[in-house]
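Each chain is listed here by its residues.
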Amino acid sequence: MTKRILTVIMAIGMAFAVLLCGSGCKEKNVNYYTLPDVAVGDTFEITLDVHGSGMYEWQYTISEKTGIEYVKRDFIFPNNDPNIIGGGTILYVFKAAKVGNYSIKCSAKIPWEPKTPPIENRVYRIKVVE
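Here goes a summary of the coordinates provided. (Residues numbered from 1 in each chain as written. Predicted model: local features only at pLDDT ≥ 70, side-chain atom pairs only at ≥ 80, totals over all residues. Heavy atoms only, no water.)

1. Concerning the packing of aromatic side chains
Here's step 1: Summed over all chains, the structure comprises 9 aromatic pairs.
Here's step 2: An angle of 20° between the planes, with centres 5.0 Å apart, marks the rings of Tyr33 and Tyr124 as stacked. Linking Tyr33 in strand S1 (residues 30–34) with Tyr124 in strand S8 (residues 120–129), this pair joins segments that are 91 residues apart in sequence.
Here's step 3: The class for Tyr124 is buried, based on a relative accessible area of 6%.
Here's step 4: Taking 6.3 Å as the distance between ring centres and 70° as the angle between the ring planes, the aromatic pair formed by Tyr70 and Phe94 counts as edge-to-face. Of the two residues, Tyr70 sits in strand S5 (residues 68–76) while Phe94 sits in strand S6 (residues 89–96), which places them 24 residues apart along the sequence.
Here's step 5: Classification of Tyr70 as partly exposed rests on a relative accessible area of 40%. (Phe/Tyr/Trp six-rings, centres within 6.5 Å; stacked < 30°, edge-to-face > 60°. Helix = DSSP H or I, 4+ residues; strand = E, 2+ residues; numbered from the N terminus. Buried < 20%, exposed > 50% of the residue type's maximum accessible area, 1.4 Å probe, protein only.)

So this is what it looks like as structure tokens:
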């Protein structure tokens, strides 16, 4: 009897896991964006708002580093005024290097606390064409 109840509980738990995940679990707290196609050799930008006082820092990872190259990162002050504290925009510039489909994941995290999860994740999908 106990074994049968345990089996039913496990089956219900697995059913809930399938319902919650669907056909492929997506990471929590992630927003997905599709960027316009870009030609090999061209550059493109990703802009990200700074969170709060700047304690959270945007970090990026590229799905396949051979197809997309990092060019630079700039900080744009709020209203272009360096005297305003807090806020602003991070501007990443990348270069398309190889034909293919790629994704760039940007995560807002506290850099000195590696075990703390990001407060926001964004995944940018991009297609590089000839």
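2. What about the sheet that holds S5?
Here's step 1: Pairing in this open sheet of 3 strands is antiparallel, and the strands run S3-S6-S5 from one edge to the other. One side of each edge strand has no neighbouring strand; the edge strands of this open sheet are strand S3 (43–49) and S5. With strand direction ignored, the average angle separating the axes of adjacent strands in the sheet is 20°.
Here's step 2: In this structure, S5 lies alongside S6, joined through 8 bridges in antiparallel fashion. Residue pairing in the sheet places Ile76 in a bridge with Thr89 of S6. (Pairing = 2+ DSSP bridges. Axes fitted to C-alpha atoms, helices over the stretch in contact; angles between N-to-C directions.)

3. Considerations on the side chain of Ser107
Here's step 1: Examined against the element boundaries, Ser107 turns out to sit in strand S7 (residues 100–109).
Here's step 2: Separated by 2.6 Å, the side chains of Ser107 and Asn121 make a polar contact.
Here's step 3: Beyond its immediate chain neighbours, meaning those up to four positions away, Ser107 contacts Glu57, Trp58, Gln59, Pro118, Glu120 and Asn121. (Polar contact = N/O pair within 3.5 Å; in protein donor to acceptor, adjacent residues only side chain to side chain. Contact = heavy atoms within 4.5 Å.)

4. A closer look at the side chain of Asn121
Here's step 1: Mapped onto the secondary structure, Asn121 falls in strand S8.
Here's step 2: Taking the relative accessible area as the measure of exposure, Asn121 reaches 2% and is therefore buried.

5. Some points on the pattern of salt bridges
Here's step 1: With the rule as written, the count across this model stands at 3 salt bridges.
Here's step 2: For Asp74, the salt bridge identified is with Lys72, shortest N-O distance 3.3 Å.
Here's step 3: On the basis of relative accessible area, Asp74 is assigned to the partly exposed category, the value being 29%.
Here's step 4: With a relative accessible area of 39%, Lys72 lands in the partly exposed category.
Here's step 5: One salt bridge connects Arg122 with Glu120, and the closest N-O pair in it is separated by 2.8 Å. Considered together, Arg122 and Glu120 belong to a single accessibility category, that of buried residues. (Salt bridge = Lys/Arg side-chain N within 4 Å of Asp/Glu carboxyl O.)

Taken by themselves, the reported measurements are silent on function.
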